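Remarks on the overall topology
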Amino acid sequence: MITIYSMAHRLHDPSWEVLDGERVAHLEKPGRAEAVVDRIRELSLGPIRPPEKSPKALIERVHSSEMVSFLAKASTLWQASGRTGEATPYVWRQPRATGRPSHVDGLIGSFATDLATPITSTTWEAVLESAATAVSGAHLLLAGEPFAFALCRPPGHHAGRDFYGGYCYLNNAALAAELLCDHGQVAIIDIDYHHGNGTQDIFYHRNDVAYVSVHADPATTFPYYSGYPSERGEGQGFGANRNITIPAQAANQVWLNALENAVVFTRRHRPRFLVISIGLDTCAADPLGQLTLRSVDYARIGELIGREGVPTLYVLEGGYEKHGTAASLANVILSHQETL
Ligand code: Q9C
Ligand code: ZN
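Model, not experiment: these values are computed from the prediction.

We now examine the pattern of salt bridges. Within this structure, the stated rule accounts for 15 salt bridges. Between R41 and D38 there is a salt bridge whose closest N-O contact spans 4.0 Å. Pair noted here: R41 and D38 are both in helix α1 (residues 30–42), with a separation of 3 residues, about one helical turn. Residue classification places D38 among the partly exposed positions, given a relative accessible area of 42%.

Encoded structure:
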């Protein structure tokens, strides 16, 4: 298994977010990715290569040009307004409003969905490199690799066509899927603890990329406003979107049964490529997720997905306790490897 990884993620190191009404240290830290890459080296899980492919053309296909140009200049606009801290909104655009203000405070609230996704002066550089990591991973599948891992940071699945949030700026998994769908049917299986509202948004009207997600019930869990089973896609995309919700504190077997159903759903779309949005915030040690998946459960994930016999790209999403994240991810990779 080849891992794509760039140290440029370290450029993104936001200091704070809001959690339970308190300003707290940001959870999406560089140490997460470093723990994962260290574990891959320790266990000799395969070569680790830097991203080489440009994500530029794909970014234009997945995200609105308005949002991309805003993200690219957000920090400059922020500083030009005399601010020294990280760019965050304090006001948000209300439903059905369409205005695109020129002031940075109005502009940022028209794209951002939360107070958890700050932009520092070097965030954009890291975001582009994370996108390149996923796209380079997808190129490996096109070159005939059966299995690759895009060690992306920051994560991506909460970033939609023209919104960003949930620690995500550009949607790495969607960029990989967008490249792969030029060469055959794609299915995305999203097994982060949280619903991938951004990925769903991007492919909602399409059937060339099917999307299925297993996640904690949004009635009680972030991102709250989407991820319900009634959301099944629209137009051409009707039937190509599936949300499987589980109670926030479900038993491990309940989660694994849901994953089996997700895999069965993708088979109906006969994918030539699988993209897995892999979040490890499902593990027992995670500070955000309330599930309790353990090593045996992660081994089962790699086995279930690997047995499909479809070229598969894993893309890193969440996981906020670094040792649990690294160990769980390694168990998925090892068990997938055994099916080859
Ligand atoms: N009280 C990913 O896992 N805030 N993003 C949660 C809980 C945002 C998670 C607040 C969580 C985003 C990629
Ligand atoms: Zn998550």
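Here the narrative resumes.
Coordination of the zinc ion (ligand 2) by the protein involves D192 (OD), D192 (OD), H194 (ND1) and D281 (OD), with metal-donor separations of 1.9 to 2.8 Å. Mapping the donors of the zinc ion (ligand 2) onto the primary sequence yields the spacing D-x1-H-x86-D. You can see D192 sitting in the loop between β6 (186–190) and α7 (197–203) and its partner D281 sitting in the loop between β9 (273–278) and α9 (295–306), a full 89 residues away along the chain. A relative accessible area of 0% places D281 in the buried class.

Turning next to helix α8 (residues 252–267). The end-to-end C-alpha distance of α8 is 23 Å, a good match for the 22 Å that 16 residues give at a rise of 1.5 Å each. What α8 keeps buried is the set N252, W255, L256, A258, L259, A262, V263, F265 and T266. Seen along its axis, α8 keeps its buried residues to an arc of 165°; they face one direction. Residues of α8 that are buried sit in contact with β6, β7 (209–216), β8 (241–246), β9 and α9.

To continue, consider the packing of helix α5 (residues 123–142) against helix α6 (residues 172–180). In the contact formed by α5 and α6, the axes pass within 8 Å of each other and the chain directions differ by 35°. Handedness of the crossing formed by α5 with α6: right-handed. Seen from α5, the contacting residues are S130, A131, A134, V135, A138, H139, L141 and L142; seen from α6, they are N172, L175, A176, L179 and L180. Tallied by class, residues from the contact of α5 with α6 come to 10 nonpolar, 3 polar and no charged.

Looking at ligand 1, there are 14 residues lining it, with L19, H158, G166, D281 and Y320 nearest. In this structure, a nitrogen atom belonging to ligand 1 sits 3.0 Å away from a main-chain N or O atom of G166. In this structure, D281 approaches ligand 1 through a side-chain N or O atom, which is 3.0 Å from an oxygen atom. Relative to its free-state accessible area of 410 Å², ligand 1 is covered by the protein chains to the extent of 85%. When grouped by side-chain class, the residues that make up the shell around ligand 1 number 6 nonpolar, 5 polar and 3 charged.

This brings us to the environment of A33. Mapping A33 onto the fold places it in helix α1. Looking at A33, the relative accessible area reads 1%, which means it is buried. For the pair A33 and E260, spaced 227 residues apart in sequence, the C-alpha separation works out to 28 Å. Excluding its chain neighbours within four sequence positions, the residues that come into contact with A33 are Y5, H9, L151 and R153.

Sheet strands pair by backbone hydrogen bonding; their relative direction is either parallel or antiparallel. Taking strand neighbours across the sheet as the criterion, the 8 strands line up as β4-β1-β5-β10-β9-β6-β7-β8 in an open arrangement whose pairing is parallel. Two strands lie at the open edges of the sheet, namely β4 (48–49) and β8, each paired on one side alone. Pairing of β9 with strand β10 (residues 312–316) involves 5 bridges; the strand directions are parallel. Bridging from a neighbouring strand, S277 pairs with V315 of β10.

Conventions we followed
- Residues numbered from 1 in each chain as written.
- Chains lettered and ligands numbered in written order.
- Predicted model: local features only at pLDDT ≥ 70, side-chain atom pairs only at ≥ 80, totals over all residues.
- Heavy atoms only, no water.
- Salt bridge = Lys/Arg side-chain N within 4 Å of Asp/Glu carboxyl O.
- Helix = DSSP H or I, 4+ residues; strand = E, 2+ residues; numbered from the N terminus.
- Buried < 20%, exposed > 50% of the residue type's maximum accessible area, 1.4 Å probe, protein only.
- Donors = N, O, S within 2.8 Å, 3.2 Å for Na, K, Ca; no water.
- Expected span 1.5 Å × (residues − 1).
- Arc of directions from axis to C-beta.
- Contact = heavy atoms within 4.5 Å.
- Axes fitted to C-alpha atoms, helices over the stretch in contact; angles between N-to-C directions.
- Left-handed = near helix turned anticlockwise from the far one by under 90°.
- Nonpolar A, V, L, I, M, F, W, Y, C, P; charged D, E, K, R; others polar.
- Near = heavy atom within 4 Å.
- Polar contact = N/O pair within 3.5 Å; in protein donor to acceptor, adjacent residues only side chain to side chain.
- Areas by Shrake-Rupley, 256 points an atom, 1.4 Å probe, with all protein chains shown as cover.
- Pairing = 2+ DSSP bridges.

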